[in-house]
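Residue-level structure breakdown
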Amino acid sequence: MSDIPFLDLTEQGRSLRPAIDRAFAEILDSGWFVRGPNVEAFEAAFAAFCGARHALGVNSGTTALQIALMACGIGPGDEVITVSHTFAASVAGIIHAGATPVLVDVKPDTYTMDADRIEERITDRTRAILPVHLYGQPADMDPIVALAAKYGLRVIEDAAQAHGATYAGRPVGSLGDVACFSFYPGKNLGAYGEGGAVVTSDDEIAHQARLLHNHGAETKYEHIVVGYNFRMEALQGAVLGAKLPHLSEWNRLRQERASWYDEGLAEADVVTPKRGERSTHVYHLYVIQAEDRDGLQADLGRQGIGTGIHYPIPVHLQPGYAQLGYGRGDLPVTEHLADHVLSLPMYPELSRDGVERVVEAVTAACPGKTAVDG
Ligand SMILES: *Cc1c(COP(=O)(O)O)cnc(C)c1O
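What comes next concerns the included structure. Being a predicted model, the structure only gives us computed values, none of them experimental. Here the residue numbering is sequential within each chain, running from 1 through the sequence in written order. Where local features are concerned, this predicted model is filtered to residues with pLDDT of at least 70; where side-chain atom pairs are given and counted, the filter is 80 or more; whole-chain, interface and lining totals use all residues. To obtain the side-chain values, all non-hydrogen atoms of the structure were included, while hydrogens and water were left out.

Each Phe, Tyr or Trp ring (for Trp, its six-membered ring) is paired with any other whose centre lies within 6.5 Å, and the angle between the two planes then decides the class: stacked below 30 degrees, edge-to-face above 60, tilted in between. A full pass over the atoms with the stated rule returns 10 aromatic pairs. Both rings, one in Phe42 and one in Phe46, keep their centres 5.4 Å apart while their planes meet at 25°; by these two values the pair is stacked. You can see Phe42 and its partner Phe46 sitting in helix α2 (residues 37–50), 4 residues apart, about one turn around the helix. You'll find Phe42 and Phe46 in the same group, each marked buried. Ring plane angle 85° and centroid distance 5.3 Å describe the contact between Phe46 and Phe183, whose orientation is recorded as edge-to-face. Separated by 137 residues along the polypeptide, Phe46 in helix α2 and Phe183 in the loop between β8 (178–182) and β9 (196–200) bring together distant segments of the chain. Both residues of the pair, Phe46 and Phe183, count as buried. A run of H or I in DSSP becomes a helix once it reaches four residues, and a run of E becomes a strand once it reaches two; helices and strands are each numbered from the N terminus. A 1.4 Å probe rolled over the protein chains alone gives each residue an accessible area, and that area as a share of the maximum for its type sets the label: buried under 20%, exposed over 50%, partly exposed in between.

As structure tokens, then:
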């Protein structure tokens, strides 16, 4: 039996190869390698996809976070509330903007920001709340947006794992003041290299982000602020523009595979993902919890089934983030998840047989009570 990789990017976009080859050839002939018409066309299409007025292509999700915060006027002395159960870049982006991350716990069922933990951490220095739409599922935005309104805070979405997901019928990217996306190859919408986007319907945030990402330049040699070079490359704009029309179908295929897992694992002694009442989930990752997670991962590995752990060490316990002053025990749900989560193979091209083999292997390793008693 062939192995089932955790992620296989070789199939996706194979059918788009002729169109992408053509776009690449045009770019090589034009000699225009940074931004240009492919990036501009993608920005317009991605803004529309997110139900927002502006999308700015940048060179990563991390830089998108940094300049989204800076474009909101957030910097040194300011506090931004986010989660520790996320990819480290969510927190790094805040530090790169010069602000101080304040970390709160997540909910034990949906794994996204626990809005009940926010208010106790708001101080007179708090400027923004930065929820992460983790694993492909939007955070529970209504209470977050309500708290932000009450205290006059910005809401900045980290949507790097949730392209196309919705909350209360609205797409991520349109749920706060500004949203940040990553197009790292493994994301639901992936470039053939690095990429990201800042998405907003606020003209002033869009303008500031655009300045910051391109040397602070209003016109070619007029630098309004000290900026960065965070521009998107033309080749990535071409790839993303060719892929975007297929994203909704790819997300649907992910949801179908998730429903196969949900059904198949009903008898296994593992926790399957729970969907928030108002959310659609685009399953960037299909994450279960198992009592003996490390044993299960090793067992699956021996059978040629690839898995991942997202994330094994919470950001607040990472050596690089010791400066934030947290310790073990500060965020109990986050710490529990770090020891129990396991991400199963998930991508649109994953076969039904593949899902069934994973289900059988997980169920054999973690038999449910009924199986044991019977
Ligand atoms: C991938 C990711 C990022 C960072 O994106 P890069 O493009 O890798 O810089 C930020 N936040 C989350 C939640 C991510 O998954």
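Next, the rest of the story.
A separate point is the pattern of salt bridges. Criterion for a salt bridge: a side-chain nitrogen of Lys or Arg within 4 Å of a carboxyl oxygen of Asp or Glu. Summed over the entire model, instances satisfying the criterion amount to 19 salt bridges. The residue Asp109 makes a salt bridge to Lys274 at a minimum N-O spacing of 3.6 Å. With Asp109 in the loop between β3 (100–104) and β4 (126–129) and Lys274 in the loop between α8 (247–264) and β12 (286–289), this pair connects stretches of sequence that are 165 residues apart. Here Asp109 falls in the partly exposed class, since its relative accessible area comes to 32%. Overall, Lys274 belongs to the partly exposed group, its relative accessible area being 41%. In this structure, Arg117 engages Glu120 in a salt bridge whose closest nitrogen and oxygen atoms are separated by 3.0 Å. Several salt bridges converge on common partners, so that one network encompasses Arg35, Glu43 and Arg210.

With that settled, consider the layout of surface pockets. In this model, the largest pocket occupies a volume close to 500 Å³. Lys, Arg, Asp and Glu make up the charged group, whereas Ala, Val, Leu, Ile, Met, Phe, Trp, Tyr, Cys and Pro make up the nonpolar group; the residues left over, Gly among them, are polar. Of the residues assigned to the lining of the largest pocket, the class counts are 14 nonpolar, 11 polar and 4 charged. Here the second largest pocket is characterised by a volume of approximately 260 Å³. Every residue lining the second largest pocket is listed: Val34, Arg35, His207, Arg210, Leu211, His213, Asn214, Ala217, Glu218, Thr219, Lys220 and Arg231. When contributions to the lining of the second largest pocket are tallied by element, the ones reaching two or more residues are α6 (203–213) and β10 (217–219). By residue number, the principal contributor to the lining of the second largest pocket is α6, which donates 4 residues. Residues belonging to the lining of the second largest pocket are distributed by class as follows: 3 nonpolar, 4 polar and 5 charged. The method works on a 1 Å grid over the protein atoms by themselves. A cavity is a set of points holding a 1.4 Å probe that cannot get out, a pocket is an open set with protein on both sides within 12 Å along at least five of seven lines, and residues with an atom within 4 Å of a point line them. Grid points are joined across faces, edges and corners, and a volume is the space filled by probe spheres set on the points.

This part is about the site of the ligand. Residues are labelled near a given molecule or strand when at least one of their non-hydrogen atoms is within 4 Å of it. The environment of the ligand is made up of 14 residues, and the closest members are Gly61, Thr62, Asp158, Ser182 and Lys187. For the purposes of these results, a polar contact is taken to be a pair of N or O atoms within 3.5 Å, where, inside protein, one atom must be able to donate a hydrogen and its partner to accept one; residues adjacent in sequence count only when each atom of the pair is a side-chain atom. Here an oxygen atom of the ligand sits 2.8 Å away from a polar atom, N or O, in the side chain of Gln161. Contact distances for the ligand include 2.6 Å between an oxygen atom and a side-chain N or O atom of Ser182. With residues, only the protein chains shown are counted as cover, and all accessible areas are computed by Shrake-Rupley using a 1.4 Å probe. Here the ligand, which alone exposes 380 Å², has 92% of that area covered by the protein. Throughout, a molecule is located in a cavity or pocket provided that more than half of its atoms lie within 2 Å of its grid points. When atoms are counted within 2 Å of each cavity's grid points, the one that captures over half of the ligand is the largest pocket. At the level of secondary structure, the elements contributing two or more residues to the shell around the ligand comprise α3 (61–71) and α4 (89–96).

On their own, these measurements won't tell you what the molecule is for.
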